[in-house]
Amino acid sequence: MGKATPKYESADVDPLAVLAAPPRDETPQQRAERERAEAEAKRVSDSIDEQIRVEKAARSKRRAPVKVLLLGQSESGKSTIVKNFQIAYAQNAWAEQRASWRSVVLLNLVRSVNIILDQLARELAISRTTITPAPPASLRLHASSSATSLSDSESDVRSQSSPLRFGERHKLLALRLGPLRRVQADLERRLCAPPDDDDGGPGPATPFVEMEAAGAAPGRRRRTHEFFVRSRAGWKGALGWAMTRARTRAGRRGGGNAEDEADEAMEVILGCKEDVVALWKDATVRAMLARHGMEFEDAPGFFLDDVDRIVSRSYAPSDADVVRARLRTLGVQEYPFPCTGPQAGREWVMYDVGGARSCRSAWYPYFMDVNAIIFLAPISVFDERLEEDPTMNRLEDTYLLWKAVVSSKLLQKVQLILFLNKCDILQRKLERGVSIKRYIPTYGDRENDVPTATKYFRKQFRDMMKKHSTVQRPFYSYLTTAIDTKTTTQTLATVREILMRDHLEKADLLQPL
Ligand SMILES: Nc1nc2c(ncn2[C@@H]2O[C@H](COP(=O)(O)OP(=O)(O)OP(=O)(O)O)[C@@H](O)[C@H]2O)c(=O)[nH]1
Ligand SMILES: [Mg+2]
């Protein structure tokens, strides 16, 4: 007699499936009801799944680093803004590297002295003539010296002024300060990129426009002979790299190290300290500089008023010294900023690029990947010429860059923040009576003062954005003096707030795929 198999005991039968199975005696009406209920349950379940997916994506987007690219021509103040960010948001890293700026400050000082000595040498060589020619471009203090932009008539006025009276004392000063040339060469060898790190030539104003039009792959970090990404680790990397190089080299020579080299430089400068002060205070030398429009006070890396403080064995740079120190950026440098407090776990990454024309093709690969751009427009440069292309007004070059950035298709979704920088220099220039209208005819008969000028420049940038931007987006602009860390910190806090809000809004608005 066969044993009866229990109804639901087969090993092949899934008990859950059995439980979920429709009743055997289900009527067609009950079946329709059941299927409707099941479909509704599935819809609710799917929508919950989708919600979870979207929230997860938004959460990870919120956690993704906020990437900010700093753009602007050379000497516009990009690296100075990074330093301000570091002072405000990465104090430990900042304190750690501040001392390594000592050599840069010394180099800036020595370079200024040597530029004065070069001009003095030319004047001494032709001291019998009454007309002194302008210095050759390569020896100018920097490209933005107003000597580069003076009209013929103004040069005429200068050459007509009485001859400068140089004497034995100037010859002696020039002689005694001679060792500073070697100090400059040594410090440059330590701190600056070697010649082959640099680029081949000036290049066009906006090389990335052609790259975008040609559909170049922006995801790849390109490294061509035209630019050199020196360091992605920021100042510490750049300065540390130089230190290591110097150490290796010194080691090969069989003695000393990088610190010894820095101390050696300081010893030589200490020996020249009184003469440096005497040179800078000399009325004839100052008259000579004024005649050639060499406005040292407005130049990057101006430390001639600080010789007493800086030229000392115990000198350690202050925050103010470091933001005023000038070290040109080559390639692209990356600065991560971990957030603290309620935003802990999130990170900001800032990308600081070289702004010279030869460096601008290196910007393009970053366009795909950034959330925001802080664009530095130095509005004090309306009367200056571009170092890379002396036929080009520096403000004009900035306009070209801004126009290219706002009209870029790749940057359509990127938040743009404009800093109208170097307001302190603008103010000094206008107080000296430099006329904006003379260099920018469209300025017309407006008042030649800071409020009117800043309003005018701001409008120019806003109008360009309206006209050339392919999408509607807010126009955020700030007047800045990046070497004033106190006010800049406040501006950066506001900007950070805006960028974070925008980042979170975009994360929350993530649409299901
Ligand atoms: N007076 C004054 N100097 C400024 C201001 N912003 C920057 N500087 C100085 O200008 C010089 C150039 O600034 P950087 O930040 O090095 O310029 P950059 O845009 O990074 O230049 P590149 O690296 O060549 O692209 C530095 O010596 C700064 O201290 C400002 O608002 N006022
Ligand atoms: Mg820089």
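Residues numbered from 1 in each chain as written. Chains lettered and ligands numbered in written order. Predicted model: local features only at pLDDT ≥ 70, side-chain atom pairs only at ≥ 80, totals over all residues.

Under an unreviewed UniProt entry, the name given to the protein chain is G-alpha-domain-containing protein, and the source organism is Vararia minispora EC-137.

1. What about the overall build of the protein chain?
To keep it simple, the criterion reads: Under the scheme used here, helices are H or I runs from DSSP no shorter than 4 residues and strands are E runs no shorter than 2 residues, and both carry numbers assigned from the N terminus. Residue burial is a threshold on neighbouring C-beta atoms within 10 Å of the residue's own C-beta, all placed from the backbone, with 20 or more meaning buried, 12 or fewer meaning exposed, and counts in between meaning partly exposed. We call two residues in contact if the C-beta atoms placed from their backbones are at most 7 Å apart.
When helices and strands are tallied, the protein chain shows 19 helices and 6 strands. Counting across all 513 residues of the protein chain, residues that qualify as buried make up 36%. Partitioning the intrachain contacts of the protein chain with sequence separation of at least 6 by distance along the chain shows that 82% fall at a separation of at least 24.

2. With respect to the site of ligand 1
Rules: Near residues are defined by distance alone, with the backbone-placed C-beta atom required to lie within 6 Å of the molecule or strand. Domain boundaries shown here were taken from an automatic or database domain assignment.
Taken together, 26 residues form the shell around ligand 1, and within it Gly-77, Ser-79, Pro-300, Thr-329 and Gly-355 come nearest. At the level of secondary structure, the elements contributing two or more residues to the shell around ligand 1 comprise α3 (78–89), α14 (319–324) and α16 (423–432). Ranked by residue count, the leading element in the shell around ligand 1 is α3, at 3 residues. Both domain 1 (65–100 + 328–508) and domain 2 (102–204 + 237–324) contribute no fewer than three residues apiece to the shell around ligand 1.

3. Structural notes on the pairing of strand β5 (residues 415–421)
Threshold: Pairing between strands requires that DSSP locate at least two bridges from one strand to the other. Handedness is read with the strands pointing away from the viewer; a crossover is right-handed when the path from the first strand over the helix to the second is clockwise.
Buried residues dominate β5, accounting for 7 of its 7 residues. Of the two faces of β5, the one holding Gln-415, Ile-417, Phe-419 and Asn-421 and the one holding Leu-416, Leu-418 and Leu-420 are both buried throughout. Two strands pair when backbone bridges link them, and strand β4 (residues 372–378) and β5 are joined in this way by 7 bridges, in the parallel orientation. Paired with Ile-373 across the two strands is Leu-416, which belongs to β5. With respect to chirality, the unit in which β4 leads through helix α15 (residues 394–407) into the neighbouring parallel β5 is right-handed.

4. Thoughts on the sheet that holds strand β3 (residues 347–353)
For the record, the criterion: What counts as an axis is a line fitted to C-alpha atoms, over the stretch in contact for a helix, and the angles between N-to-C directions run from 0 to 180 degrees.
Strand order across the open sheet formed by 6 strands is β2-β3-β1-β4-β5-β6, with mixed pairing between neighbours. A strand with exactly one partner marks an edge of an open sheet, and here the two such strands are β2 (332–338) and β6 (476–479). Each strand axis lies, on average, 20 degrees off the axis of its neighbour in the sheet, ignoring direction. Strand contacts of α3: β1 (66–71), β2, β3 and β4, with the helix running at about 155 degrees to β3, the strand carrying the most contacts.

5. Regarding unusual backbone geometry
Phi is positive for Glu-75, close to 70 degrees, though the residue is something other than glycine. Here Glu-75 shows up in the loop between β1 and α3. Look at Glu-75 and you get buried, because 25 C-beta atoms sit within 10 Å.

6. Focus on α15
Short version of the rule: Multiplying 1.5 Å by the helix residue count minus one yields the expected span of that helix. In this description, one arc is meant: the one made by directions from the helix axis to the C-beta atoms.
Relative to the 20 Å expected for 14 residues at 1.5 Å per residue, α15 spans 20 Å between its end C-alpha atoms, a close match to the ideal helical length. Residues of α15 that are buried: Arg-394, Leu-395, Asp-397, Thr-398, Leu-401, Trp-402, Val-405 and Val-406. Considered in projection along α15, the buried side chains sweep an arc of 165 degrees and stay on one side of the axis. Each element contacted by the buried residues of α15 is listed here: β1, β4, β5 and α18 (450–468).

7. Some details on the environment of Lys-486
Note that Lys-486 resides in helix α19 (residues 485–508). Note: C-alpha distance between Lys-486 and Val-105 (381 residues apart in sequence) is 21 Å.

8. Looking at α3
The terminal C-alpha atoms of α3 lie 16 Å apart, and with 12 residues this matches the ideal 16 Å at 1.5 Å per residue to within 8%. Within α3, 11 of the 12 residues are buried, which leaves it mostly tucked inside the rest of the structure. Restricting attention to buried positions, one finds in α3 the residues Lys-78, Ser-79, Thr-80, Ile-81, Val-82, Lys-83, Asn-84, Phe-85, Gln-86, Ile-87 and Tyr-89.

9. Some thoughts on the packing of α16 against α18
Where we set the bar: Note on terminology: angles under 35 degrees are roughly parallel, angles over 145 are roughly antiparallel, angles of 65 to 115 are roughly perpendicular, and the others are oblique. Crossings are sorted by hand: turned counterclockwise from the far helix by less than a right angle, the near helix makes the crossing left-handed, and turned clockwise it makes it right-handed. The classification used treats Ala, Val, Leu, Ile, Met, Phe, Trp, Tyr, Cys and Pro as nonpolar, Asp, Glu, Lys and Arg as charged, and all other residues, Gly among them, as polar.
At a closest axis distance of 10 Å, the pairing of α16 and α18 adopts a crossing angle of 130 degrees. Taken together, the axis directions place α16 and α18 in an arrangement best described as oblique. Note that α16 runs across α18; the crossing there is right-handed. Residues Cys-423, Leu-426, Gln-427 and Leu-430 of α16 form the contact with α18, whose own contacting residues are Val-450, Ala-453 and Thr-454. For the contact of α16 with α18, the residue count by class is 5 nonpolar, 2 polar and no charged.

10. What about the packing of α15 against α18?
Packing of α15 against α18 brings their axes to within 9 Å, and their N-to-C directions diverge by 35 degrees. With respect to the hand of their crossing, α15 and α18 are arranged in right-handed fashion. Here Tyr-399, Trp-402, Lys-403, Val-406 and Ser-407 of α15 lie close against α18, whose contacting residues are Phe-461, Met-464, Met-465 and His-468.

11. Concerning the nonpolar core
For the record, the criterion: Each nonpolar core comprises buried Ala, Val, Leu, Ile, Met, Phe, Trp, Tyr and Cys residues, the members being joined through C-beta atoms within 7 Å.
Within the largest apolar cluster, 98 residues are counted, with the highest numbers of intra-cluster contacts made by Leu-70, Ile-373, Ile-374 and Phe-375. Per-element tally for this core: the top contributor is helix α5 (residues 102–125), with 10 residues. Each of two domains, domain 1 (65–100 + 328–508) and domain 2 (102–204 + 237–324), supplies a minimum of three residues to this core.

12. Points about the confidence of the model for the protein chain
Here is the rule: One confidence number per residue, pLDDT, is output by the predictor and ranges from 0 to 100.
Averaged over every residue, the pLDDT of the protein chain is 82; residues scoring 70 or more account for 77%. Confidence drops under a pLDDT of 50 for residues 241–256, and excluding neighbours within four residues, the segment shows 15 contacts in the predicted structure. Reported for the predicted complex are a pTM of 0.79 and an ipTM of 1.00.

13. Thoughts on the environment of Lys-281
Mapped onto the fold, Lys-281 is located in helix α11 (residues 258–281). Through-space distance from the C-alpha of Lys-281 to that of Asp-305 is 9.5 Å; in sequence the pair is 24 residues apart.

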